[in-house]
Amino acid sequence: MSITPPRDKSRLGTRTRLVHAGRDPSQQHGFVNTPIYRGSTVLFPSYDAIQNRRADYTYGTAGTPTVRALEAAWTELAGAAGTVLTPSGLAAITVGLLACLKAGDHLLVTDSAYRPTRVFCDGFLKRFGVETTYYEPTVGAGIADLMRDNTAAVLTEAPGSQSFEMQDIPAIAEVAHARGACVLMDNTWATPLLFPPHERGVDIAIEAGTKYLSGGSDLLLGLTSANAKYWPALRRTFDQFAMCAGAEDVFLALRGLRTLPLRLREHGEQALTLARWFQGRPEVARVLHPALPEDPGHAIWSRDFLGSSGLFSIILKPCPESAVAAMLDGLELFGMGFSWGGFESLVIPFDCAPYRTANPWAPGGPGLRFQVGLEDLDDLTRDLEAGFARLRAAS
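Residues numbered from 1 in each chain as written. Predicted model: local features only at pLDDT ≥ 70, side-chain atom pairs only at ≥ 80, totals over all residues. Heavy atoms only, no water.

Looking at an unreviewed UniProt entry, the protein carries the name Cystathionine beta-lyase MetC, with the source organism given as Methylobacterium frigidaeris. Taken directly from UniProt, the Catalytic activity (unreviewed entry) text for the protein runs: "L,L-cystathionine + H2O = L-homocysteine + pyruvate + NH4(+)". (UniProt positions renumbered as here; feature names shortened; annotations may be inferred.)

Here you go:
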């Protein structure tokens, strides 16, 4: 006997909902998971069906049962009207922006945005007649002073990529909506589990499923969800591009969805413990983590967020680049690589100064961004202690 999904999910907790969301074993011969559907051509049963598109599925680019399962699950989790899946997080950002912009529009983007987002805005959007202005991340309701008659959208990201400034999303949304502008948010750091974007006033929310939804550093995926007002435009834009995610990546993301709350909680607790450990290190000038009471954005984080994830940064006290290299090159448990959200710990050096334009980036020392994985914390701190010893010896 196969099990059908619960009819009334309103009383269920988040973990229970994620176990059941987007899957129906009764439609899969009783198998727990929706299988991988690969394909382009869909056969119609009759002339009438193909002429009038009378079918649940019409062509591979319009969706498959695997795709629909993840779209439905993420829509439920995000509290959205609908979701589209793209082959990367950056693709999710671009389809979201293109859904609400046209030639002649003005776009406001936080100065702390994911750098490839800036490349898209300063390149592609500029060539097609959209002007972008970057704003200071903590501007809040003061964004009203930057709005123009043709400002069509505001792109937010909280906390900021690498630099971790917090943004007052509800205040920005209130101002933007009063002027008829769309509010977009890159919510990859928190996911809807820690920041429900559409409840906080975001019209189009963007996630890189490559990160926590994967959990294994083994897929590329983007998810863009929208509220009822912007869902038709988002779906129409997506269909015009046919920017489809890979079938196996969607399947892996569905599998990762079931354990997302447990992994995200563990990443968050591990990272916060390590962030406090860094606060006690003499080599560290500052820790950039909004869940720390000393962080400038802590009050906003406490008000709007339901927890923290596994990514944060530190600023080292002034030291030569060769000393930073000595520290990182000898690490055994922290790999050096981009992305995050997997089971393994990572670190990258970073410097926002070359591309920040709204406010100068001058932290006073080298920056390091850490993704804290699922290893034993004692092992991670021993690895870092040895790294700091190499840094001191090379300074």
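J.: Quick rundown of the sheet that holds strand β11 (residues 367-371)? Include the residues and the values.
T.: Strand order in the open sheet formed by 4 strands is β8-β9-β11-β10, with antiparallel pairing between adjacent strands. Where the open sheet ends on each side, the last strands, each with one partner, are β8 (284-288) and β10 (346-350). Averaged over all neighbouring strand pairs, the angle between strand axes comes to 25 degrees, with direction disregarded. Pairing geometry for β8 and strand β9 (residues 311-316), over 4 bridges, is antiparallel. By the bridge assignment for β9, Val284 is matched with Leu316. On the sheet, helix α11 (residues 321-329) packs against β9, β10 and β11 and is oriented at approximately 15 degrees with respect to β11. (Pairing = 2+ DSSP bridges. Helix = DSSP H or I, 4+ residues; strand = E, 2+ residues; numbered from the N terminus. Axes fitted to C-alpha atoms, helices over the stretch in contact; angles between N-to-C directions. Contact = heavy atoms within 4.5 Å.)

J.: Before we move on, could you go through unusual backbone geometry and cite the residues and values that matter?
T.: Omega for the bond connecting Ala158 with Pro159 falls within 30 degrees of zero, at -10 degrees, which places this linkage in the cis form. By secondary structure assignment, the location of Pro159 is in the loop between β4 (151-157) and α6 (169-178). With phi around 55 degrees, Arg53 is a residue other than glycine that occupies positive phi space. Looking at where Arg53 falls in the secondary structure, it is placed in the loop between α2 (47-51) and α3 (65-78). Residue Arg53 is classed as exposed on the basis of its relative accessible area, which comes to 54%. A positive phi is found at Ser339, a non-glycine position, where the angle reads about 75 degrees. Here Ser339 is to be found in the loop between α11 and β10. (Buried < 20%, exposed > 50% of the residue type's maximum accessible area, 1.4 Å probe, protein only.)

J.: Describe the environment of Trp189, and please don't skip the residues or the numbers.
T.: Looking at the element boundaries, Trp189 is found in the loop between β5 (182-186) and α7 (191-194). Here the alpha-carbon distance between Trp189 and Leu311, two residues 122 residues apart in the chain, equals 7.4 Å. Beyond its immediate stretch of four places on either side in the chain, Trp189 contacts Pro159, Phe164, Tyr212, Pro290, Trp301, Phe305, Gly307, Ser308, Ser309, Leu311 and Trp340. Reaching out from Trp189, the side chain makes a polar contact with the backbone oxygen of Leu311 at a distance of 2.9 Å. (Polar contact = N/O pair within 3.5 Å; in protein donor to acceptor, adjacent residues only side chain to side chain.)

J.: So, the sheet that holds strand β3 (residues 131-135): which residues are in play, and what are the values?
T.: One open sheet holds the 7 strands; their spatial order is β1-β7-β6-β5-β4-β2-β3, and the pairing between them is mixed. Of all the strands in the sheet, the pair left with one neighbour each is β1 (82-86) and β3. Direction aside, neighbouring strands of the sheet carry axes that sit 20 degrees apart on average. Bridge analysis of β5 against strand β6 (residues 204-208) gives 3 bridges, and the strand direction is parallel.

J.: Would you mind going over the UniProt feature "modified residue: N6-(pyridoxal phosphate)lysine" (unreviewed entry) in the protein in detail, with residue names and values included?
T.: In this numbering, the UniProt entry assigns the feature "modified residue: N6-(pyridoxal phosphate)lysine" (unreviewed entry) to Lys211. Along the chain, the position of Lys211 falls in the loop between β6 and β7 (222-226). Judged by its relative accessible area of 12%, Lys211 is buried.

J.: Account for the packing of aromatic side chains, naming residues and giving values.
T.: Under the definition given, this model contains 13 aromatic pairs. For the pair Trp277 and Phe388, a centre-to-centre distance of 6.2 Å together with 35 degrees between the ring planes defines the contact as tilted. Placement of the pair is Trp277 in helix α9 (residues 247-279) and Phe388 in helix α12 (residues 377-394), with a sequence separation of 111 residues. Residue classification places Trp277 among the partly exposed positions, given a relative accessible area of 22%. On the basis of relative accessibility, which here comes to 0%, the residue Phe388 falls in the buried class. (Phe/Tyr/Trp six-rings, centres within 6.5 Å; stacked < 30°, edge-to-face > 60°.)

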